[in-house]
Amino acid sequence: MHAIVYHGPGEKAWEEVTDPVIEQATDAVVQVDATTICGTDLHILKGDVPEVSEGRILGHEAVGTVVRIGAGVRTVRVGDRVLVSCITSCATCRYCREQRYGQCLGGGGWILGHMIDGTQAELVRVPYADTSTYRVPDGISDEKILMLADIMPTSYEVGVLNGHVRPGSTVVVVGVGPIGLAAIMTARLYSPGHIIAVDRAEPRLRAARAAGADTLVDADRDDVGKIVRGLTGGLGADVAIEAVGLPETFEEAVTLVRPGGVVANIGVHGRPATLHLEDIWTKDITITTGLVDAYSTPTLLALVEGGRLDPSTLVTHRFTMDEFDLAYDAFAHPAATGAIKVVVTRPR
Ligand SMILES: [Zn+2]
Ligand SMILES: [Zn+2]
């Protein structure tokens, strides 16, 4: 088969590799019908994730068709259309028993395209197939389901649920790339009073409006603190969702919440940020962090199946697998291409 193989910082190629096989009785091999590229893949290519070894197949998101199962797989069948989650779960360790699958101690967690070969390939081996894949409802397109592999549960769990968004809340989303946009889409499920989107890029702010933000803030031109206070009687936002991963944006998010509010960090940080306790120690502010656990995937599937949520609106570019390099180029240069999410499908 062919796959995107990582060859050290800055280097990857769509090349021929050996097909994956069943290694454990609980494995399945899935033919990848649709996959995507994540900001995390770009971090790996920059060399920011040193545990990814050379020769690793990248990718941790897919919708596909099961082609082989191990002898111990009980619920997944050959021929099933499945969502392959970015989080693998052994289902029996201490963390999996409390639905913290991202912290799995039994060989799961974020392993695809990280510790083991991933989904940017024609075939992928999925460990613990029974508890790490989800049946795709009949009649729902691959594209509607694919975003449930990572960005929708990440934004919903680590942003909206950790942030305790409630009906009437004022929510400010700092950074409206794919993750910030997904946070807006899932925050809307709770009927917040206001969703304020903050970014520097005009196309992203337009996308934020389409996703459900009512107030757009150009971080270069507007005074975001003044706008947030103006909408909240001078208090500040109930919830600030940080979806960039820079010290500046984290520190700004902390200044935007009211006393008693929540700062929900989703951003992937590569450098230390300063927590100004000298300003906030009396303000009852809660700061949450997290890696996605994907415990919300069944809920999100039900919302998509019921027509309440359509994550395919985030897809701006489509490629076939033989055009993988073009897909990476488009996704890595959003200012030039306007890319939000790219979908790469198996040629038919
Ligand atoms: Zn990802
Ligand atoms: Zn586990």
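*Asks:* How should I be thinking about the nonpolar core in this particular structure?
*Replies:* The tendency in soluble globular proteins is for nonpolar side chains to be buried side by side. In terms of nonpolar packing, the biggest core is built from 46 residues, with I145, M152, V176, L181, I184, I241 and L314 touching the most fellow members. Two domains share this core, each providing at least three of its residues, namely domain 1 (2–150 + 293–345) and domain 2 (153–288). Sequence-distant contacts of I184, defined by excluding residues within four places in its chain, comprise V173, V176, I195, A197, A208, A211, G212 and A213.

*Asks:* Is there a simple way to think about the coordination of the zinc ion (ligand 1) in this case?
*Replies:* Looking at the zinc ion (ligand 1), the protein donor atoms are C38 (SG), H60 (NE2) and D150 (OD), and they sit 1.8 to 2.2 Å from it. One chain supplies every donor to the zinc ion (ligand 1), and in sequence these donors are spaced C-x21-H-x89-D. Taken as a pair, C38 in the loop between β3 (28–36) and α1 (39–46) and D150 in the loop between α4 (142–146) and α5 (151–161) lie far apart in primary sequence, 112 residues in all. Both residues of the pair, C38 and D150, count as buried.

*Asks:* Please explain the pattern of salt bridges as it appears in this structure.
*Replies:* All chains considered together, the criterion is met by 14 salt bridges. A salt bridge links K341 to E61, with the nearest nitrogen and oxygen atoms 3.7 Å apart. With K341 in strand β15 (residues 341–345) and E61 in the loop between α1 and β4 (62–69), this residue pair connects regions lying 280 residues apart in the sequence. Note on K341: relative accessible area 1%, which makes it buried. In this structure E61 comes out as buried when scored by relative accessible area, which is 0%. In this structure, D142 and R81 form a salt bridge, with 2.7 Å as the shortest nitrogen-oxygen distance. With D142 in helix α4 and R81 in strand β5 (residues 81–84), this pair connects stretches of sequence that are 61 residues apart. The exposure class assigned to D142 is buried, which follows from its relative accessible area of 15%. For R81, a relative accessible area of 26% gives the class partly exposed. One salt-bridge network, held together by shared partners, links E23, D27 and R125.

*Asks:* Just checking my understanding: could you explain the coordination of the zinc ion (ligand 2) for this structure?
*Replies:* In a perfect tetrahedron of four donors around a metal, the angles come out at 109.5 degrees. In a perfect octahedron of six, they are 90 or 180 degrees. With distances of 2.3 to 2.4 Å, the protein atoms coordinating the zinc ion (ligand 2) are C90 (SG), C93 (SG), C96 (SG) and C104 (SG). Of note is the zinc ion (ligand 2), whose four donor atoms meet at the metal with angles of 103 to 118° in an arrangement that counts as tetrahedral. The sequence motif formed by the donor residues of the zinc ion (ligand 2) is C-x2-C-x2-C-x7-C. With a gap of 14 residues between them, C90 in the loop between β5 and α2 (94–97) and C104 in the loop between α2 and β6 (123–126) connect regions that are remote in the sequence. Across the pair, exposure class does not vary: C90 and C104 are buried alike.

*Asks:* What's the story with the environment of G245 in this structure? I'm lost.
*Replies:* Residue placement: G245 occurs in the loop between β11 (237–242) and α9 (247–256). Given a relative accessible area of 8%, G245 falls into the buried group. Among all residues touching G245, those that are not within four sequence positions of it are G267, V268, H269 and G270.

What counts and how
Residues numbered from 1 in each chain as written. Chains lettered and ligands numbered in written order. Predicted model: local features only at pLDDT ≥ 70, side-chain atom pairs only at ≥ 80, totals over all residues. Heavy atoms only, no water. Core = buried A, V, L, I, M, F, W, Y, C linked by side-chain atoms within 4.5 Å. Buried < 20%, exposed > 50% of the residue type's maximum accessible area, 1.4 Å probe, protein only. Domains from an automatic or database assignment. Contact = heavy atoms within 4.5 Å. Donors = N, O, S within 2.8 Å, 3.2 Å for Na, K, Ca; no water. Helix = DSSP H or I, 4+ residues; strand = E, 2+ residues; numbered from the N terminus. Salt bridge = Lys/Arg side-chain N within 4 Å of Asp/Glu carboxyl O. Tetrahedral: all angles 85-135°; square planar, octahedral: opposite > 155°, others 65-115°.

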